[in-house]
Amino acid sequence: AVARYVADKKENPAALAKYLFAAVADKERVAAHLAPKPPKRALSAYSFYMKEALVELKADMPASKQTDVMRAAVARYVADKKENPAALAKYLFAAVADKERVAAHLAPKPPKRALSAYSFYMKEALVELKADMPASKQTDVMRAAVARYVA
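Residues numbered from 1 in each chain as written. Predicted model: local features only at pLDDT ≥ 70, side-chain atom pairs only at ≥ 80, totals over all residues. Heavy atoms only, no water.

### Some thoughts on the packing of aromatic side chains
Phase 1: Scanning the entire structure with this criterion turns up five aromatic pairs.
Phase 2: A ring pair is formed by Tyr 49 and Tyr 91, whose centres lie 5.1 Å apart and whose planes are at 80 degrees; its orientation type is edge-to-face. Placement of the pair is Tyr 49 in helix H3 (residues 45–60) and Tyr 91 in helix H5 (residues 89–105), with a sequence separation of 42 residues.
Phase 3: The buried category is assigned to Tyr 49, whose relative accessible area is 4%. (Phe/Tyr/Trp six-rings, centres within 6.5 Å; stacked < 30°, edge-to-face > 60°. Helix = DSSP H or I, 4+ residues; strand = E, 2+ residues; numbered from the N terminus. Buried < 20%, exposed > 50% of the residue type's maximum accessible area, 1.4 Å probe, protein only.)

In structure tokens form, the structure reads like this:
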């Protein structure tokens, strides 16, 4: 098979074009598969705290089970949250930074379909009617907006 490939390559390189295109497409498919995927969601302050606490507690309790280490980490988190919430500030800042990092990677989702004329009308009418009827329930405001649209 290799000898035939080499012979075809020398004699009729155009016949091998379809294989070259297939190879390029396959390389693109593999590259897309191996490319780093955007993060699904940001980590919370609790997650950042637990990552750090688990490393410390595993070093302090090497012979303990994972469940015991986890219980100790949760107990430490609850105690820190009650007694010294300022100590958790660095984890809150880390969570905010991670949220911004994830937001930078995620593209805004496009709307599923275009808004109708009724949707545009209702957006404006509800704002106006809420200002005119501040003490009314939302259902009453909706009824008034629909009645105004139908009329």
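### Description of the nonpolar core
Considering soluble globular proteins, one finds that nonpolar side chains tend to be buried as a cluster.
Phase 1: Counting twelve residues, the largest nonpolar core is built from Ala 45, Tyr 49, Met 50, Ala 53, Leu 54, Leu 57, Val 69, Ala 73, Tyr 77, Leu 88, Tyr 91 and Ala 95.
Phase 2: At the level of secondary structure, the elements contributing two or more residues to this core comprise H3, helix H4 (66–83) and H5.
Phase 3: No other element matches the six residues that H3 contributes to this core.
Phase 4: Ala 73 has contacts with Tyr 49, Met 50, Ala 53, Leu 54 and Leu 57, leaving out every residue within four places of it along the chain.
Phase 5: Residues Met 122, Ala 125, Leu 126 and Leu 129 belong to the second largest nonpolar core, which totals six residues. (Core = buried A, V, L, I, M, F, W, Y, C linked by side-chain atoms within 4.5 Å. Contact = heavy atoms within 4.5 Å.)

### Here we look at the environment of Glu 28
Phase 1: Inspection of the secondary structure assignment puts Glu 28 in helix H2 (residues 17–34).
Phase 2: Judged by relative accessible area, which is 55%, Glu 28 ranks as exposed.
Phase 3: A C-alpha to C-alpha distance of 40 Å links Glu 28 and Leu 92, two positions 64 residues apart in sequence.

### Section: the packing of H3 against H5
Phase 1: For the pair H3 and H5, interaxial distance at closest approach is 8 Å and the crossing angle is 120 degrees. Classified by the angle between their axes, H3 and H5 sit oblique to one another. The handedness of the crossing between H3 and H5 comes out as right-handed. Contacts from Ala 45, Phe 48, Tyr 49 and Glu 52 in H3 reach Lys 90, Tyr 91, Leu 92, Ala 94, Ala 95 and Asp 98 in H5.
Phase 2: In the contact of H3 with H5, the residues fall into seven nonpolar, no polar and three charged. (Axes fitted to C-alpha atoms, helices over the stretch in contact; angles between N-to-C directions. Parallel < 35°, antiparallel > 145°, perpendicular 65-115°, else oblique. Left-handed = near helix turned anticlockwise from the far one by under 90°. Nonpolar A, V, L, I, M, F, W, Y, C, P; charged D, E, K, R; others polar.)

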